[in-house]
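Spelled out from the first residue to the last, the chains are:
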Amino acid sequence: MNRSLPWPTEAPAIPLLSMRPILDRIASLARTHQQDVTLIPGVAATEEELAADPPPALEQVLDELGGIELCGMPVLTLLIEDRTDVGPYTLLGKATSFYPLYETPEAAVILTIDDDGAPGVVYGIGEDLALRLAAPDLAGYLERFADALEATLHALALRGDETDAKGDARAEAAEQLMNEHLFAEVVGEDEPEDGEDADAEDDTAGVEVPLQSPAASGLVGLPENALAVADLRDAPLGARVDVIDAEVPGDPLDLRVAWTERGRLVTLRTV
């Protein structure tokens, strides 16, 4: 691969053995549902030079899997060619501090990368730019993704005429189902609008981890120029940090997010 980003290399690669069960499950879903699912081959199965620039810690995983398309739509992308700092990435820090797993113009799912290059937790980011804890690590997110993909494929098989042939109707149904089973929750599209009641049965809906001053937090070793920090080390999945609403000096759009503790400590700092 043509690496151009200065990725840190101190952290070891995620061992393939630990990822084998979930990678095999995803590959099996792709083989069983070839009408709908396209498996993007990993680096080891590709003879062409790849333009992607992933973190070295993902090397063994990316040898096996490059991504998944559902009815022609990218729903899991592990080999990213182009990176951007706009849209859902507006408040994020340097490109080597995160890696996209899924993105639209308004939303994204990212894997956090610590300063030593170690992958951490996975966050979903919606139009409000809030960070929502989607999984404790890459394996956890892939398990969640596989559950949603399997549920989507099962529902497509029950949709009668819409599943008889490929086409716009099938793709629209697949997109709707993946949103229903995964992406809407991960990026916060299923959260109630202001004035609406949250579902009382959902214990994680609306759980907000507050940003507090570094002094009040008692935390040490935070990134330079830290203005506020949110501690998600004990937070449940679905918890969010509303970084755009932080009560700190200056224009929020001039601030940037950084993390430590494998993404569990979210810091808002000046550029």
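Conventions and cut-offs
Residues numbered from 1 in each chain as written. Predicted model: local features only at pLDDT ≥ 70, side-chain atom pairs only at ≥ 80, totals over all residues. Heavy atoms only, no water. Helix = DSSP H or I, 4+ residues; strand = E, 2+ residues; numbered from the N terminus. Buried < 20%, exposed > 50% of the residue type's maximum accessible area, 1.4 Å probe, protein only. Contact = heavy atoms within 4.5 Å. Areas by Shrake-Rupley, 256 points an atom, 1.4 Å probe, with all protein chains shown as cover. Salt bridge = Lys/Arg side-chain N within 4 Å of Asp/Glu carboxyl O. Expected span 1.5 Å × (residues − 1). Bend = angle between axes of the 7 residues up to and from the residue. Phe/Tyr/Trp six-rings, centres within 6.5 Å; stacked < 30°, edge-to-face > 60°. Core = buried A, V, L, I, M, F, W, Y, C linked by side-chain atoms within 4.5 Å.

Draft legend 1. Spotlight on the overall build of the protein. A tally of helices and strands in the protein yields five helices and 11 strands. Of all 271 residues assigned to the protein, the portion counted as buried reaches 45%. Pairs at least 24 residues apart make up 62% of the contacts formed inside the protein by residues separated by at least 6 positions. Within the structure as shown, the protein displays about 13300 Å² of accessible surface, and the carbon and sulfur contribution to it stands at 47%.

Draft legend 2. Structural detail: the pattern of salt bridges. Using the criterion set out here, one finds 14 salt bridges in the structure. Among the salt bridges present, the one from Glu150 reaches Arg25, with a minimum N-O distance of 2.7 Å. Of this pair, Glu150 sits in helix 3 (residues 138–157) while Arg25 sits in helix 1 (residues 16–32), and the two are 125 residues apart along the sequence. Arg25 gets classed as partly exposed once you look at its relative accessible area, which sits at 24%. Ionic pairing is found between Arg262 and Asp114, a salt bridge with its closest N-O pair at 2.8 Å. Taken together, the residues Arg262 in the loop between strand 10 (255–260) and strand 11 (265–270) and Asp114 in the loop between strand 5 (108–113) and strand 6 (119–125) connect sequence positions 148 residues apart. Counted as one network, the salt bridges with shared partners bring together Arg25, Glu143, Asp147 and Glu150.

Draft legend 3. Focus on helix 4 (residues 168–187). Taking 1.5 Å as the rise per residue, helix 4 with 20 residues should run 28 Å; its terminal C-alpha atoms sit only 24 Å apart, a clear shortfall. The largest bend in helix 4 amounts to roughly 60° and is located at Asn179. Within helix 4 the residues assigned to the buried category are Arg170, Ala171, Ala173, Ala174, Leu177, Met178, Leu182, Phe183, Ala184, Val186 and Val187.

Draft legend 4. Structural context of the packing of aromatic side chains. Throughout the structure, instances matching the rule amount to four aromatic pairs. Here Trp7 and Tyr99 contribute two aromatic rings whose centre-to-centre distance is 6.3 Å and whose plane-to-plane angle is 70°, an arrangement assigned as edge-to-face. Here Trp7, found in the segment before helix 1, pairs with Tyr99, found in strand 4 (residues 98–103); they are 92 residues apart in sequence, far enough to count as distant. An identical accessibility class is assigned to Trp7 and Tyr99; each is buried. Residues Tyr102 and Phe183 carry aromatic rings whose centres are separated by 3.8 Å and whose planes lie at 5° to one another, so their mutual orientation is stacked.

Draft legend 5. Region of the structure containing the nonpolar core. Counting 51 residues, the largest nonpolar core has Ile68, Leu101, Leu138, Tyr141, Phe145, Leu149 and Met178 as the members making the most contacts within it. At 10 residues, helix 3 tops the list of elements feeding residues into this core. If near-sequence neighbours (up to four positions away) are discounted, Leu101 is found in contact with Val75, Leu76, Thr77, Leu78, Val109, Ile110, Leu111, Val122, Leu138 and Tyr141. Counting 27 residues, the second largest nonpolar core, distinct from the first, contains Leu92, Phe98, Leu232 and Val257.

Remember that the coordinates give geometry; whether it matters functionally is a separate question.
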